[in-house]
Amino acid sequence: MNLVNGKPKSSISIFDRGFLYGDGVFETILVLNKDPKNIKLHIKRIKAGCKALKIKNFNQDTLRSHIAKAISDQKNCILNINITRGTVKKRGYNINIENISPNIILTTSKMAKIPKSYNDNGIKTKFSKTRLFKTIEPLENIKHMNRLTQVLATSELSKNYPELIMCDEDNNIIEGTSSNIFFVKGMNFYTPKIHGNSVEGVMRSVIINILKKNKYKINIKKINMKDIKNYDGAFFCNSIRLIWNIKDLSGYKYKNNNNIQSLIKLVDNEIYK
C-alpha cells in the first residue's frame, strides 16, 4: 500500500521539498506478523531528524496512525517512511515558510529473497572506492534524504560483493553502503565511530544493547583499513537483513566465529519473538 498523508496515492507534487531538495528524513522498517520491528527507535530517529532539519509540525501520533493503515493489509513486508518538509507554492531554499505541514509518505514492499548462503556461510566484501567525508557535522547521524554518496557506491556492488565497506579520507572504516559494521576479537566486539554523512543504524543500536545485556564487551573506536587482520571476524547489520557474516574482506579470510553465531541467535530471538 502507498499512502501520502494517510490517503492512498502513488505520487507527490513536483513542488514537494523532498523531491526538490531532498529536504526530509526517511526510515526503512521490517514488518513481521503486522509488527513493525523497533518502531520506537525508528520514530525516535525521525523526531531527531525533523528537529535537526527544523521541520515543523511533525506529529508522531499522526505517523503512527498512518503506519497502522499502511500495514493493515500486510503481514510481512518492508515499510518505508519518508517525511518531507512539505509542498511549497514556489521554489527556493528558504525554510521560513508559513502554513506548511510535513508530507508523510509511506510505502510497503515485499521482502527480497536473500540467498541462504549469505546467512549460513557469510559474504565476500571489499572496500568501496567511494569515500565518506567529514564535512557535514550539522547533519551528522541524521538519516536525511540526501544519500548520494551511498547511492554512488552501490555502482560497485555485484553478486559476488553484495555489500561494500565505506571509509573516510583517512582510510578509517565507517559503514557499509546500507549497513553498519562490527568486528570481533575474542569476546570483544568493535564498531567504528560514526561521523559525517554516515548513519548510526537502528540495528546497530539494538545489537549494542544486546551485547551489553549479555555481558559482551563493546568498543566504539576508530578502525583503520589496515587493521582488519587484527580481528577474528566481522559482520554487517541493518534493520532488514539483520546480520550478514563476513567470510572474506578484500581477500583476507575470516574463520567461522562462535561469538558471531551466538549473536545471530540472540538477534533472531529478539526480532522473531
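Our subject is the structure listed above.
For clarity, every value in this text was computed on a predicted model and none was experimentally measured. (Residues numbered from 1 in each chain as written. Predicted model: local features only at pLDDT ≥ 70, side-chain atom pairs only at ≥ 80, totals over all residues. Heavy atoms only, no water.)

Participant: Looking at this structure, how should I read the pattern of salt bridges?
Facilitator: Between side chains of opposite charge, a pair can form when the charged atoms approach closely. Taken as a whole, this structure holds nine salt bridges when the rule is applied. Arg17 is paired through a salt bridge with Asp23; the nearest N and O atoms lie 2.9 Å apart. Assessed through its relative accessible area of 3%, Arg17 is described here as buried. The exposure class of Asp23 is buried, given its relative accessible area of 9%. Glu27 serves as the salt-bridge partner of Arg45, at 2.6 Å between the closest nitrogen and oxygen. On the criterion of sequence distance, the pair formed by Arg45 in helix α2 (residues 39–52) and Glu27 in strand β3 (residues 24–32) is long-range, its members being 18 residues apart. We classify Arg45 as buried; its relative accessible area is 13%. Salt bridges here are not isolated pairs; linked through shared partners, they connect Arg17, Asp23 and Arg85. (Salt bridge = Lys/Arg side-chain N within 4 Å of Asp/Glu carboxyl O. Buried < 20%, exposed > 50% of the residue type's maximum accessible area, 1.4 Å probe, protein only. Helix = DSSP H or I, 4+ residues; strand = E, 2+ residues; numbered from the N terminus.)

Participant: Could you clarify how one ought to interpret unusual backbone geometry in this entry?
Facilitator: Residues apart from glycine generally show negative phi values, whereas peptide bonds are mostly found in trans. Here the phi dihedral of Asn33 falls at roughly 50 degrees; this positive angle occurs in a residue that is not glycine. Counting through the fold element by element, Asn33 comes out in the loop between β3 and β4 (35–36).

Participant: Where do I start with the side chain of Lys143 in this structure?
Facilitator: With respect to the secondary-structure elements, Lys143 resides in the loop between β8 (127–131) and α5 (148–153). Glu27 is the oppositely charged side chain nearest to the buried, salt-bridge-free Lys143, at an N-O distance of 4.9 Å. Among residues more than four places away in sequence, those in contact with Lys143 are Gly24, Val25, Phe26, Glu27, Thr28, Arg45 and Val199. (Lys, Arg positive; Asp, Glu negative; His and termini not counted. Contact = heavy atoms within 4.5 Å.)

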